[in-house]
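# Understanding the architecture of this molecule
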Amino acid sequence: MGDLARVNTNVAALRAFFTLTDINDRIVDVQRKISTGKTVNSASDNPAIYYAIKSTRRDIAELENKELNIERGVNFLETNSSKLDQVSEILLEMFKLANTANSGSVTSAEKQAIQTDIYQLQEELENIMQSGVSKKIYSGFTIGGLENVYVSGAGGTARNENLQAVLTTLTLNDLDLVVTGTTTETTIENLTNALDQIVQDNQFVGSFIRRLGIETTDIRSEKANLIATLSTIQDADIAEQQLELTKLQILQQTALAMLAQANAAPQSVLVLFQ
């Protein structure tokens, strides 16, 4: 009768139990994969794949950090670009006013109004440069108070029809641009130079923003590829795992049945005592 005659140790039942235990462990593993959606949930599942997953996630995190830093940089540059736009508009308005004052048909009252407008524009220009444009772009950009805007008949001490607008040194990217006006013509010329410098610098900022935009696109593309790679090695195929679970559940039932039969088999030895 072989193993069936050895009642003290039911080898057949023991083997059926080991098989059932293995199936139960596999069922638990599949259920975990289905619940988490991952093929590897710990280093013990697959050490090599686990390492590859962690390395890929680290690379993705690094790209995300780069993208965030670039986004902050773009916001910083766009803020400064917007302020430079305001500066250029103010300089353009001052340029228009200087041209208006250069006209012989302008009355003293009108020149007095021009004088006031230029002074207010200059004050706003100074406020923008002090509070809006970062020193990281401009090592120094200072515009002093408007001095001696003399227009004949406008309360000034000058005896001529020239508008004198005196601005202190304008430093752009370590380049000194002096905007002074001993006559209306030189003031117009110097305001033109200042406006050109501001536009050129804003063009540079815009080019850098565009470059960062291209870099952001590249980073997002690389990140998408890494995420796809991570999905390939990490994500569980739910349909496949469900099929595996169904198979294991059937095997579990058959193992239980065989265990029951193996436990009942030694009872056949009782006929020897009848």
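Residues numbered from 1 in each chain as written. Predicted model: local features only at pLDDT ≥ 70, side-chain atom pairs only at ≥ 80, totals over all residues. Heavy atoms only, no water.

Attention now goes to the overall build of the chain. When helices and strands are tallied, the chain shows five helices and two strands. Along the chain, helices and strands appear, N-terminal first, in the series α-α-α-β-β-α-α. Counting only residues that meet the buried cut, the chain has 34% of its 274 residues in that class. By sequence separation, contacts in the chain at least 24 residues apart represent 71% of the contacts at least 6 residues apart. Accessible surface for the chain amounts to roughly 16300 Å². Of this, 53% is attributable to carbon and sulfur atoms. (Helix = DSSP H or I, 4+ residues; strand = E, 2+ residues; numbered from the N terminus. Buried < 20%, exposed > 50% of the residue type's maximum accessible area, 1.4 Å probe, protein only. Contact = heavy atoms within 4.5 Å. Areas by Shrake-Rupley, 256 points an atom, 1.4 Å probe, with all protein chains shown as cover.)

Our focus in this paragraph is the nonpolar core. In this structure, V87, I90, L91, M94 and I114 are the most contacted members of the largest nonpolar core, which totals 33 residues. Those elements that place two or more of their residues in this core are α2 (47-101), α3 (108-131) and α4 (184-234). The next biggest cluster of nonpolar side chains, apart from the first, holds 11 residues, and it includes A16, L20, I27 and L259. (Core = buried A, V, L, I, M, F, W, Y, C linked by side-chain atoms within 4.5 Å.)

Counting through the fold element by element, M94 comes out in helix α2. Residue class for M94 comes out buried when judged on its relative accessible area of 1%. Each C-alpha atom, one on M94 and one on Y119, is 9.4 Å from the other, the two residues being 25 residues apart in sequence.

Right, let's talk about the confidence of the model for the chain for a bit. In the predicted model, the chain carries a mean pLDDT of 76, and 75% of its residues have values of at least 70. Counting interchain partners and residues more than four positions distant, the pLDDT-below-50 stretch residues 139-180 has 110 contacts. (pLDDT = per-residue confidence, 0-100.)

Our next topic: the side chain of K33. One can find K33 in helix α1 (residues 11-36). Leave out the neighbours within four places in its chain, and K33 touches K38, T39, N41, A236 and Q241.

With respect to the secondary-structure elements, L14 resides in helix α1. Residues L14 and A262 lie 248 residues apart in sequence; the distance between their C-alpha atoms is 8.4 Å.

Applying the stated criterion to the full structure yields two aromatic pairs. On the basis of an interplanar angle of 50 degrees and a centroid distance of 6.2 Å, the ring pair of F17 and F18 is categorised as tilted. Of the residues examined, F17 reaches a relative accessible area of 43% and is grouped as partly exposed. Residues F204 and F208 carry aromatic rings whose centres are separated by 6.5 Å and whose planes lie at 20 degrees to one another, so their mutual orientation is stacked. One end of the pair is F204 and the other is F208, both in helix α4 and four residues apart, which spans about a single turn. Note on F208: relative accessible area 30%, which makes it partly exposed. (Phe/Tyr/Trp six-rings, centres within 6.5 Å; stacked < 30°, edge-to-face > 60°.)

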